[in-house]
Amino acid sequence: MTDPFLVERKDSAFAAYRQQPMMLGVFGTNASGSAGIHTVPTSFEVSWDQSLTIAEMADKMGFELFMPLSRWRGFGGTNDYAGETYETLTYMAGIAAVTRRVLTIVTLHLPMVHPTFAAKAIATIDHISNGRAGINMVMGWYKADMGMFGLSPHTPEDRYVFGQEWLDVVRRIWTENEPFDHQGKYFQLEGCIGKPKPIQARPPIVSAAMSPTGVRFATENADFTFASFQSYEKLREHSDNLRKVAAEAGNPDVGLACVALVICRDTEEEAQQFFAHLRANADLVAARNLAIQSGVDVSAVLPEQEDEFFRNIAMSPGNVTLVGTAEQIADQMALLHDCGVNALFVGFHDYLEEMPLFGERVMPLLEQRGIRLPVETG
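Note that the structure is predicted; figures quoted are calculated from it, not measured.

A. Expanded view of the environment of Arg101. Along the polypeptide, Arg101 turns up in the loop between helix H3 (88–98) and strand E3 (103–109). On the basis of relative accessible area, Arg101 is assigned to the buried category, the value being 12%. The spacing of Arg101 and Glu56 is 45 residues in sequence and 9.5 Å in space, taken between C-alpha atoms. Look past the residues within four positions of Arg101 in its chain and what remains in contact with it is Tyr17, Asp59, Gly62, Phe63, Glu64, Arg132, Val375 and Glu376. At 3.1 Å, the side chain of Arg101 forms a polar contact with the backbone oxygen of Phe63.

Dropping the structure here:
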């Protein structure tokens, strides 16, 4: 007799979407500030109505990815950047229910979420979405956030050891049909079992990776990995190294993702003027706090360079800013693809106005340049 708690498994939805030369996604619409650390007024807000609208637009435009930001407290400054956020598991369960196409990838700070709970929660979202759930694994290094849970960040050496054990437990719960015990360094568990199983045979895994340890972890476990943007040259170097390590790990198809703030206007002058306006109104206090909590040694920044340094962080905290006309934006995205980027999460100052224009003006050009294939959205 068939176990009623087991489901007919299917391959990961990510495998089909990975055929796109460059997948498109939306990131961080559950958090105040979303696409920049500045004080310029915007219609963007943390509300379910707006999140629903953005998610539906992403679906209709043919985007493949939708992923939230995980934060428990903000970074201070004038607007307390990322101080207002929706919790990610609940948020993405809601997004999963109202979308039909995008992968609903949940960002989790692993030390704050027990793997037994996470395995059940992601399996639930996989059923809600009919096989579109995944995990963005964050190892947890924001000390202020973790303090709210009575935790301290692991040492850089231990973060990925913890992450590997956490993921091993989750995957066993997803795949094994009999209860199992786990005795590890961080978890001592008895009688672990999870039913129903995810619909996907292998829900996709995302992991940020810049350090050598992070790259090794990602290439051994992830479907795609985030990289911060310093320059096109550095990005290409990182991509080449990622592919080399991935091939050695037997995971040569691992993807590389970046996050981009898109400022697209009718003319280059208009786009550059608005970029300059955002930059002039950067929230330098919040940018500094973000840098410190991210492990940047701000004491090494020369006093005469501080203004420039923190404005750069405010405009693209670890990401890239694409500025110009639709043709120029498409050219810049093509350059990112040439550097090895397989997935780009795009953000906008005003999602409700600018995201539809991106679909109308930029996406057709991406198809012309061969970095997007036509999509049937249905």
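B. A look at empty space enclosed by the protein. Taken as a whole and assessed by the stated rule, the structure comprises two cavities of 30 Å³ or more. Taken as a whole, the largest cavity encloses approximately 70 Å³ of empty space. Lining the largest cavity, in full, are Val262, Cys264, Arg265, Phe348, Glu354, Leu357, Phe358 and Arg361. Listed by contribution, the elements that provide at least two residues to the lining of the largest cavity are strand E9 (255–264) and helix H13 (351–368). Tallying contributions element by element places H13 first for the lining of the largest cavity, with four residues. Looking at side-chain class alone, the lining of the largest cavity contains five nonpolar, no polar and three charged residues.

C. Main features of helix H7 (residues 212–221). Those residues of H7 not exposed but buried are Gly214, Val215, Phe217, Ala218, Thr219 and Asn221. Residues of H7 that are buried sit in contact with strand E4 (133–138), helix H6 (156–175), strand E7 (205–208), strand E8 (224–226) and helix H8 (232–249).

D. Main features of the packing of aromatic side chains. The full count for this structure, using the stated rule, is 20 aromatic pairs. On the basis of an interplanar angle of 25° and a centroid distance of 5.7 Å, the ring pair of Tyr86 and Tyr91 is categorised as stacked. Since its relative accessible area comes to 4%, Tyr91 is described here as buried. Taken together, the aromatic side chains of Phe14, Phe27, Phe224, Phe226 and Phe345 make up a single cluster linked through ring pairs. A cation over an aromatic ring shows up here: Arg172 above the ring of Phe180, its NZ or CZ 3.9 Å from the ring centre.

E. Spatial organisation of the packing of helix H10 (residues 284–293) against helix H11 (residues 306–315). H11 packs onto H10 with a crossing angle of 80° between their chain directions and a minimal axis gap of 9 Å. Between H10 and H11, the interaxial angle falls into the category roughly perpendicular. Residue-level inspection shows Leu284, Ala287, Arg288, Leu290 and Ala291 of H10 in contact with H11, the latter providing Glu306, Asp307, Phe310, Arg311, Ile313 and Ala314. In terms of residue class, the contact of H10 with H11 is made up of seven nonpolar, no polar and four charged.

F. Inspection of the nonpolar core at higher detail. Ranked by size, the top nonpolar core spans 94 residues in total, and within it Phe63, Phe66, Trp166, Met333, Leu344, Met355 and Phe358 carry the most contacts. Looking at which element gives the most residues to this core, the answer is H6, with eight residues. Ignoring sequence-local partners within four residues, the contact set of Phe63 consists of Leu24, Gly25, Val26, Ala58, Arg101, Val102, Val346, Met355, Phe358 and Met363. By size, the runner-up hydrophobic cluster in this structure holds 16 residues, among which are Ala82, Ala291, Phe310 and Ile313.

G. Examining the pattern of salt bridges more closely. A full pass over the atoms with the stated rule returns 12 salt bridges. The partner of Asp158 in a salt bridge is Lys185, with the nearest N and O atoms 3.7 Å apart. In this pair, Asp158 sits in helix H6 while Lys185 sits in the loop between strand E5 (180–183) and strand E6 (188–192), placing the two residues 27 residues apart along the sequence. Take Lys185: its relative accessible area is 55%, and that puts it in the exposed class. Counted as one network, the salt bridges with shared partners bring together Glu64, Arg101 and Arg372.

Conventions used here
Residues numbered from 1 in each chain as written. Predicted model: local features only at pLDDT ≥ 70, side-chain atom pairs only at ≥ 80, totals over all residues. Heavy atoms only, no water. Helix = DSSP H or I, 4+ residues; strand = E, 2+ residues; numbered from the N terminus. Buried < 20%, exposed > 50% of the residue type's maximum accessible area, 1.4 Å probe, protein only. Contact = heavy atoms within 4.5 Å. Polar contact = N/O pair within 3.5 Å; in protein donor to acceptor, adjacent residues only side chain to side chain. 1 Å grid on protein atoms, 1.4 Å probe; cavity = no way out; pocket = protein on both sides within 12 Å on 5 of 7 lines; lining within 4 Å. Points joined across faces, edges and corners; volume = space filled by probe spheres on them. Nonpolar A, V, L, I, M, F, W, Y, C, P; charged D, E, K, R; others polar. Phe/Tyr/Trp six-rings, centres within 6.5 Å; stacked < 30°, edge-to-face > 60°. Lys NZ or Arg CZ within 6 Å of the ring centre and 35° of its normal. Axes fitted to C-alpha atoms, helices over the stretch in contact; angles between N-to-C directions. Parallel < 35°, antiparallel > 145°, perpendicular 65-115°, else oblique. Core = buried A, V, L, I, M, F, W, Y, C linked by side-chain atoms within 4.5 Å. Salt bridge = Lys/Arg side-chain N within 4 Å of Asp/Glu carboxyl O.

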